[in-house]
Amino acid sequence: PVKIKRYATKVTYTFCLGGLSFFMFLVLVLTGVLLMFYYVPSSDLAYQSMKDIEASVTFGQLMRNMHRWSAQGMVIAVFLHMGRVFYTGSYKPPREFNWVIGVLLLVVTFLLSFTGYLLPWDQLAYWAITVGTNIGGAAPIVGPKIDFMLKGGKEIGQPTLIRFYTLHVIFLPLIAAFLMAVHFWRIRKDGGISGPL
């Protein structure tokens, strides 16, 4: 925009939480692509490939830690951003559509975090998948179909890992990128960030 309002330049009003969330998303994409060169989405090799990334790949441990810490930071930043928007009343008309987009982005962020948590294919991942698929399977009427769809069969195994890997590296990032584009467009259409009440 040609002009911005004075309150929009105050760091203490927004704490740059939206920008930090987007920055961490970019770090996650970059480090995730680099990790994909070495990660093997196989139930037999996934854990060992994770260990190899940490021990044998140049800057592998740095990339994995940057990816993991940025993911946790993004969850916190998005949550705090939503809290700030609610606290300042920035969800009120004409911005209610953007609030819905923000809630969808929060859900996608949680799903990205959950699916990424499963990829090391260790005991933590196994039991997280068990709990996650049991929650889906507890849904009335469609529960067994959801459980089967998430696991890719009757038991947790190779099809389960491939499903969550594909969700984590293709579908959820594309959905997040699309929702972010809509989110930024709506901020611009609504006249920039909302002012204090």
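What comes next concerns the included structure.

Definitions and limits used
- Residues numbered from 1 in each chain as written.
- Predicted model: local features only at pLDDT ≥ 70, side-chain atom pairs only at ≥ 80, totals over all residues.
- Heavy atoms only, no water.
- Helix = DSSP H or I, 4+ residues; strand = E, 2+ residues; numbered from the N terminus.
- Buried < 20%, exposed > 50% of the residue type's maximum accessible area, 1.4 Å probe, protein only.
- Contact = heavy atoms within 4.5 Å.
- Areas by Shrake-Rupley, 256 points an atom, 1.4 Å probe, with all protein chains shown as cover.
- Axes fitted to C-alpha atoms, helices over the stretch in contact; angles between N-to-C directions.
- Parallel < 35°, antiparallel > 145°, perpendicular 65-115°, else oblique.
- Left-handed = near helix turned anticlockwise from the far one by under 90°.
- Nonpolar A, V, L, I, M, F, W, Y, C, P; charged D, E, K, R; others polar.
- Core = buried A, V, L, I, M, F, W, Y, C linked by side-chain atoms within 4.5 Å.
- 1 Å grid on protein atoms, 1.4 Å probe; cavity = no way out; pocket = protein on both sides within 12 Å on 5 of 7 lines; lining within 4 Å.
- Points joined across faces, edges and corners; volume = space filled by probe spheres on them.

### A short note on the overall build of the protein
Consideration 1: Helix and strand counts for the protein stand at 8 helices and 0 strands.
Consideration 2: Along the protein, from the amino end to the carboxyl end, the secondary structure elements read α-α-α-α-α-α-α-α.
Consideration 3: Viewed in the frame of its principal axes, the protein has a C-alpha envelope of about 55 × 50 × 20 Å.
Consideration 4: Per-residue burial for the protein yields a buried fraction of 38% across its 197 residues.
Consideration 5: Within the protein, counting contacts between residues at least 6 apart in sequence, those at least 24 apart form 71% of the total.
Consideration 6: Accessible surface computed for the protein: about 12,200 Å², of which carbon and sulfur atoms make up 72%.

### Topic: the packing of helix 2 (residues 17-36) against helix 8 (residues 158-189)
Consideration 1: Orientation of helix 2 relative to helix 8, taken along the N-to-C sense of each, is 155 degrees, at an axis distance of 12 Å. As summarised for this structure, helix 2 and helix 8 are arranged roughly antiparallel, according to the angle between their axes. Between helix 2 and helix 8 lies a crossing of left-handed hand. On helix 8, the residues that touch Phe22, Phe25 and Met36 of helix 2 are Tyr165, Val169, Pro173, Ala176, Ala177, Met180 and Phe184.
Consideration 2: In terms of residue class, the contact of helix 2 with helix 8 is made up of 10 nonpolar, no polar and no charged.

### Some details on the nonpolar core
Consideration 1: Counting residues in each nonpolar core, the largest one holds 17 residues, and the members touching the most others are Met74, Ala176 and Met180.
Consideration 2: Looking at this core, the elements with two or more residues in it are helix 2, helix 4 (60-87), helix 5 (96-118) and helix 8.
Consideration 3: Other than its neighbours up to four places away in sequence, alanine 176 contacts Phe25, Leu105, Val108 and Leu112.
Consideration 4: With 16 residues, the next largest nonpolar core counts Ala46, Met63, Leu119 and Tyr165 among its residues.

### As for the layout of surface pockets
Consideration 1: Taken as a whole, the largest pocket spans an internal volume of roughly 780 Å³.
Consideration 2: Considering the residues around the largest pocket, the lining is formed by 29 residues, among which His67, Ala71, Gly116, Leu119 and His168 are closest to the centre.
Consideration 3: Of all the elements in the fold, those that place two or more residues in the lining of the largest pocket are helix 2, helix 4, helix 5 and helix 8.
Consideration 4: Looking at the lining of the largest pocket, its residues break down into 19 nonpolar, 7 polar and 3 charged.
Consideration 5: Lining the second largest pocket are 28 residues, and of these Gly18, His81, Val85, His183 and Ile187 lie nearest its centre.
Consideration 6: With 6 residues, the top contributor of residues to the lining of the second largest pocket is helix 4.

Bear in mind that shape data such as this cannot, by itself, settle questions of function.
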